[in-house]
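Read off the chains here:
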2 protein chains.
Amino acid sequence: MENIKAYVNQHKDRFINELIELLKIPSISADSAYSQDVLNTAEAIKDSLSKAGCDKVEICETPGYPIVYGEKIIDSKLPTVLVYGHYDVQPADPIELWTSPPFEPVIKTTDKHPDGAIFARGACDDKGQMYMHVKALEYMTTQGELPCNVKFMIEGEEEIGSSSLAWFVERNQEKLSNDVILISDTGMISNTQPSITTGLRGLSYVEVEVTGPNRDLHSGLYGGAVANPINVLTKMIASLHDENNHITIPGFYNGVEELSLEERAEMAKAPFSLEAYKNALDIEEEYGEKGYTTNERNSIRPTLDVNGIWGGYTGEGAKTVIASKAYAKISMRLVPNQDWENITELFTKHFESIAPKAVKVKVTPHHGGQGYVTPIDNVGYKAANKAYTETFGIPAIPQRSGGSIPIVALFEKELKSKTILMGFGLDSDAIHSPNEHFGIFNYLKGIETIPLFYKYFVEMNK
Amino acid sequence: MENIKAYVNQHKDRFINELIELLKIPSISADSAYSQDVLNTAEAIKDSLSKAGCDKVEICETPGYPIVYGEKIIDSKLPTVLVYGHYDVQPADPIELWTSPPFEPVIKTTDKHPDGAIFARGACDDKGQMYMHVKALEYMTTQGELPCNVKFMIEGEEEIGSSSLAWFVERNQEKLSNDVILISDTGMISNTQPSITTGLRGLSYVEVEVTGPNRDLHSGLYGGAVANPINVLTKMIASLHDENNHITIPGFYNGVEELSLEERAEMAKAPFSLEAYKNALDIEEEYGEKGYTTNERNSIRPTLDVNGIWGGYTGEGAKTVIASKAYAKISMRLVPNQDWENITELFTKHFESIAPKAVKVKVTPHHGGQGYVTPIDNVGYKAANKAYTETFGIPAIPQRSGGSIPIVALFEKELKSKTILMGFGLDSDAIHSPNEHFGIFNYLKGIETIPLFYKYFVEMNK
């Protein structure tokens, strides 16, 4: 694989242009207005896998959006790598905060990306990171360097809970059999310090509805005499954290692993500046659970956040109304040993129990997934670390992430194999936010590093 | 005025049709998209005043929407009645809950309105009630029954705080000089029990904005480690009421008049069924400040209600985002002795003081107004009561209302005269709600009753 760097350099303009074409399709899975775009993206992924050298590529129907499957089997006695990624993207709102349209990709330089970055919804999460694997495959097949079998499984519902993926994996265990699963849907510390994500948080996502009177009322005639569902909702949500920002749902922390002081000291060695963090977010003070550092709060501790809230009059000017209903979307990030279905149940029971009799409450679970931890003595981890060390000139640091890729736990359960999370994005890439972007350096470095993982994984398995 | 009943009966179809035409114009002052409709409504009011017999009618420019002024001066030695009303209406949302389009008036019967009611935004508040006065004037001028001078002042910004009205009144004290002010913009107990509103609550309406991080963030990567502005906003709003639903803003209750047990006992005599109230609103339990009854909570006690709240992802499906900003519209109903500007200041200071350092808070006052109480030994009150007694066959009951017509206090201050609130709507007419309506009985009864007020007011002033 001596010529991988040269190959990437020779083809980089085409690699960038192909990704840009993919980013133009608004494959927002959460909004049914975009369903044809989601389907068109699946077709585009299928074509790109064929062109990159897969022998067999198919669009597999599911109860939801289809899964694109591709494979190149060179020898059944050799190991098999299963690449997972997703072709759907987050909604783009608030659209007015984008400095360029989310589905008209442009390349701009930033402080963190002096070589330029592609700005578009999905640039990093996950079209850009997923497409690195397609281009790495192209290199290995065209140059005769593919050292093992490879399978691709690219889904279209990751941003809405991967429910069809679970359905698909349960029904296709043979087809998906593999020795290691490779995913690029996480980040690394910086462009000079690679890292491998070894832990992910689980997720429980619910929507709540509080109903007061059966119709909107005049706040002068009824104000003070009926339960205002917005006021009640704020009280209910506020009560979900105590004064130390512990979550108050009974049983929520049951079984949650408390890291030893040694482990916490090890974690604290990762380079981190609280001042830089606060400056980057323009906040005067950090915030969170008492007794834990910022890096602990967003990785080893479970959380509860309101992701959206609405009710009453939200237009221009003033309306003196008491709304009939108020709503919120609430998600909980979970750590290992918290079962997401159990947590969803605990939340529902608790939320219903704290509602005053003057209102009615409905809790609707959206989706969820389990947390996950990868051991670092695993062959896959070691092979990835060797690949990073070669391309970055420095070993990767193992890191627990606060994000969730619920399907990693599912893969372990259904396919009995470990997942290696080779992320090339940066935390500052604004995924799920306006102005998402992905560094050109990161994109190309990913394409360069991935084939080396294949090489070392096969060597270490001999 | 013996023939008033016959005159109303003879012309009732035309009276209804003229009002329906007026209700077709969507004069929503809160939404600038409707500004031309608001202006068109002013023109329509001007025409109707000319036709009803005013000698002089003009559209008076203001810094905001114009005020329609009309007058008929028959003898400067006779008393002058100033009629106030408004031609703007509330926004119609939530539009999907209307059973017929808000600006396509239809007549339907209801339990409370067996003779039919006109369903349209503004039917009761205030186009229908204001137009009763125009038709009453028509009767008096065409039949030679006008016993005194009359002035009309109809504004277009009542639903957004009447700020131009204050500007106008301060500059036109001579033009607006009068002996009594007559307003129909309140309700009465029922179609068989008239009532006159003698007290109104004041209002302070503010909008709050809470800013956390400078951009929307991924709730997995940042969740638990930064202040989520929605969670913080819910905590801040929740803390504005204590466990007894008293408002916690320091100084909020300073000077608030506590009614004597006798006065409360007198109030409690008004016919009221808590069961019927709960059934009408489909609520299992009422809610409010401890130590007060439902009718006290919505009339003699100040309140704080969230009228709207929004932030984060509120679309279909799920988005795992921590919003940068969260917003709420909050209004406080005030009772006599609470100065609205002082309350706005107390709210702002308190809300800013309870914000954690991890967020920034902005409070923007929208508008406000003072509360008001009319003494029942006043000539205007007595004349109104005599008019009601004649047309309904039963005296009116004096009543304190929870609503606010902030300009009543302004009139007293600037024009030195008392206001009589002759409301003909019912609480169940759904003003500010979907399916607002105004009973045909109420509309015609109003036209019949108003000229009698003029008659008795002039007689009692002799």
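Residues numbered from 1 in each chain as written. Chains lettered and ligands numbered in written order. Predicted model: local features only at pLDDT ≥ 70, side-chain atom pairs only at ≥ 80, totals over all residues. Heavy atoms only, no water.

Participant: Would you take a moment to explain the UniProt feature "domain: Peptidase M20 dimerisation" (unreviewed entry) in chain A for this structure?
Facilitator: The UniProt record annotates "domain: Peptidase M20 dimerisation" (unreviewed entry) at residues 199–357 of chain A. Helix makes up 30% of residues 199–357 of chain A and strand 23%, whereas the separation of the span's terminal C-alpha atoms amounts to 42 Å. (UniProt positions renumbered as here; feature names shortened; annotations may be inferred. Helix = DSSP H or I, 4+ residues; strand = E, 2+ residues; numbered from the N terminus.)

Participant: Just to check I follow, could you spell out the packing of helix α11 (residues 379–392) of chain B against helix α13 (residues 440–461) of chain B for this structure?
Facilitator: For any two helices packed against each other, one specifies the crossing angle of their axes together with the interaxial distance. Residue and element names in this part refer to chain B. Where α11 meets α13, the closest approach of the two axes is 7 Å, and the angle between their N-to-C directions is 135°. Between α11 and α13, the interaxial angle falls into the category oblique. Relative to α13, the crossing made by α11 is right-handed. Along its contact with α11, which presents Val379, Gly380, Lys382, Ala383, Ala384, Lys386, Ala387, Tyr388, Glu390, Thr391 and Phe392, the element α13 presents Phe441, Lys445, Glu448, Thr449, Leu452, Phe453, Tyr456, Phe457, Met460 and Asn461. Of the residues that constitute the contact of α11 with α13, the class distribution is 12 nonpolar, four polar and five charged. (Axes fitted to C-alpha atoms, helices over the stretch in contact; angles between N-to-C directions. Parallel < 35°, antiparallel > 145°, perpendicular 65-115°, else oblique. Left-handed = near helix turned anticlockwise from the far one by under 90°. Contact = heavy atoms within 4.5 Å. Nonpolar A, V, L, I, M, F, W, Y, C, P; charged D, E, K, R; others polar.)

Participant: Explanation requested: the sheet that holds strand β18 (residues 437–439) of chain A in the structure shown.
Facilitator: Strands in a sheet are paired, the pairing made by backbone hydrogen bonds, and the direction either parallel or antiparallel. Residue and element names in this part refer to chain A. Taken in spatial order, the three strands make up an open sheet running β4-β5-β18, and their pairing is antiparallel. Whereas interior strands pair on both sides, the edge strands pair on one side only; in this sheet they are β4 (106–108) and β18. Taken pair by pair, the neighbouring strands of this sheet meet at an average axis angle of 30°, ignoring direction. Here three bridges tie strand β5 (residues 117–119) to β18, and the two strands are oriented antiparallel to one another. Its bridge partner being in β18, Ala117 is matched across the sheet by Gly439. (Pairing = 2+ DSSP bridges.)

Participant: Explain the interface of chain B and chain A here, please?
Facilitator: It is common to report an interface's size as the accessible area lost on association of the parts. Counting from both sides, the interface comprises 91 residues of chain B and, opposite them, 92 residues of chain A. Buried area between chain B and chain A, summed over both chains or domains, comes out near 8,000 Å², and the portion from carbon and sulfur atoms is 52%. Our count for the chain B to chain A interface comes out at five salt bridges. Residues Lys360 of chain A and Asp282 of chain B are paired through a salt bridge, measuring 3.8 Å at the closest nitrogen-oxygen approach. Across the chain B-chain A interface, the total number found is 45 residue pairs in polar contact (both at pLDDT 80 or more). Considering each element in turn, the side of chain B that touches chain A owes the most residues, 10 residues, to strand β11 (residues 303–312) of chain B. Tallied by class, residues from the side of chain B that touches chain A come to 34 nonpolar, 33 polar and 24 charged. Of the pairings in the sheet, the one linking strand β11 (residues 303–312) of chain A to β11 of chain B comprises five bridges and is antiparallel in character. (Buried area = accessible area lost by both parts, 1.4 Å probe. Salt bridge = Lys/Arg side-chain N within 4 Å of Asp/Glu carboxyl O. Polar contact = N/O pair within 3.5 Å; in protein donor to acceptor, adjacent residues only side chain to side chain.)

Participant: Just to check I follow, could you spell out the pairing of strand β6 (residues 149–155) of chain B for this structure?
Facilitator: Along any regular strand, the residues point their side chains to alternate faces of the sheet. All names here are of chain B. Among the seven residues in β6, seven count as buried, and that is most of the element. Neither face of β6 is exposed, since Asn149, Lys151, Met153 and Glu155 on one face and Val150, Phe152 and Ile154 on the opposite face are all buried. Here five bridges tie strand β2 (residues 67–72) to β6, and the two strands are oriented antiparallel to one another. For Gly70, the partnering residue across the bridge sits in β6 and is Phe152. Relative to β6, strand β3 (residues 80–86) is paired through seven bridges, and the arrangement is parallel. Bridged to Val81 within β6 is Val150. (Buried < 20%, exposed > 50% of the residue type's maximum accessible area, 1.4 Å probe, protein only.)

Participant: Looking at this structure, how should I read the relation of the copies chain B and chain A?
Facilitator: Superposing the two chain copies requires a rotation about an axis and a translation along that axis. When chain B is brought onto chain A, the operation consists of a screw motion whose angular component is 179° and whose axial shift is 0.0 Å, with 0.1 Å RMSD remaining. Taken together, the rotation and translation relating the two chain copies correspond to the operation of a two-fold axis. Most of the interface of chain B is mirrored in chain A, where 100% of its interface residues are also at the interface. (Least-squares fit on C-alpha atoms with pLDDT ≥ 70 in both.)

Participant: Please explain the packing of aromatic side chains as it appears in this structure.
Facilitator: Centre-to-centre distance and the angle between the planes together describe a pair of aromatic rings. What the rule picks out here adds up to 28 aromatic pairs over all chains. Look at Phe453 of chain A and Tyr454 of chain A: their rings are 6.3 Å apart centre to centre, the planes differ by 85°, and that puts the pair in the edge-to-face class. Taken together, a centroid distance of 5.9 Å and an interplanar angle of 40° make the contact between Tyr388 of chain B and Phe392 of chain B tilted. Taken as a pair, Tyr388 of chain B and Phe392 of chain B lie in helix α11 at a separation of four residues, close to a single helical turn. (Phe/Tyr/Trp six-rings, centres within 6.5 Å; stacked < 30°, edge-to-face > 60°.)

Participant: When you look at the packing of helix α4 (residues 163–171) of chain A against helix α12 (residues 407–415) of chain A in this model, what are you seeing that I'm missing?
Facilitator: Residue and element names in this part refer to chain A. Where α4 contacts α12, the two axes come as close as 10 Å, and the packing angle between them is 15°. Comparing the axis directions of α4 and α12 gives the class roughly parallel. As α4 runs across α12, the sense of the crossing is right-handed. Contact residues: α4 offers Leu165, Ala166, Val169 and Glu170, while α12 offers Ile407, Leu410, Phe411, Glu414 and Leu415. For the contact of α4 with α12, the residue count by class is seven nonpolar, no polar and two charged.

Participant: Could you clarify how one ought to interpret the side chain of Asp185 of chain B in this entry?
Facilitator: Residue and element names in this part refer to chain B. Along the chain, the position of Asp185 falls in the loop between β7 (180–183) and β8 (195–200). Despite its burial, Asp185 remains without a salt bridge, the nearest opposite charge being carried by Arg333 at 10 Å. Engagement of the side chain of Asp185 in a polar contact is seen with the side chain of His86, the distance being 3.3 Å. Setting aside its immediate chain neighbours within four residues, Asp185 contacts His86, Asp125, Asp126, Gln129, Glu158 and Ile405. (Lys, Arg positive; Asp, Glu negative; His and termini not counted.)

Participant: Looking at this structure, how should I read the domain arrangement of chain A?
Facilitator: Residue and element names in this part refer to chain A. Annotation of chain A at the domain level lists domain 1 (4–200 + 371–461) and domain 2 (203–256 + 302–369). The C-alpha centroid of domain 2 is placed 35 Å from the C-alpha centroid of domain 1. On the side of domain 2, six residues touch domain 1, which itself brings nine residues to the contact. Summing the contributions of domain 1 and of domain 2, the shared interface buries around 630 Å²; its carbon and sulfur component is 55%. Area buried by domain 1 at its contact with domain 2 is led by Gly371, Ser404 and Pro406, which between them contribute 53% of it. Counting across the domain 1 and domain 2 interface gives zero salt bridges. Inspection of the region where domain 1 meets domain 2 yields zero residue pairs in polar contact (both at pLDDT 80 or more). (Domains from an automatic or database assignment.)

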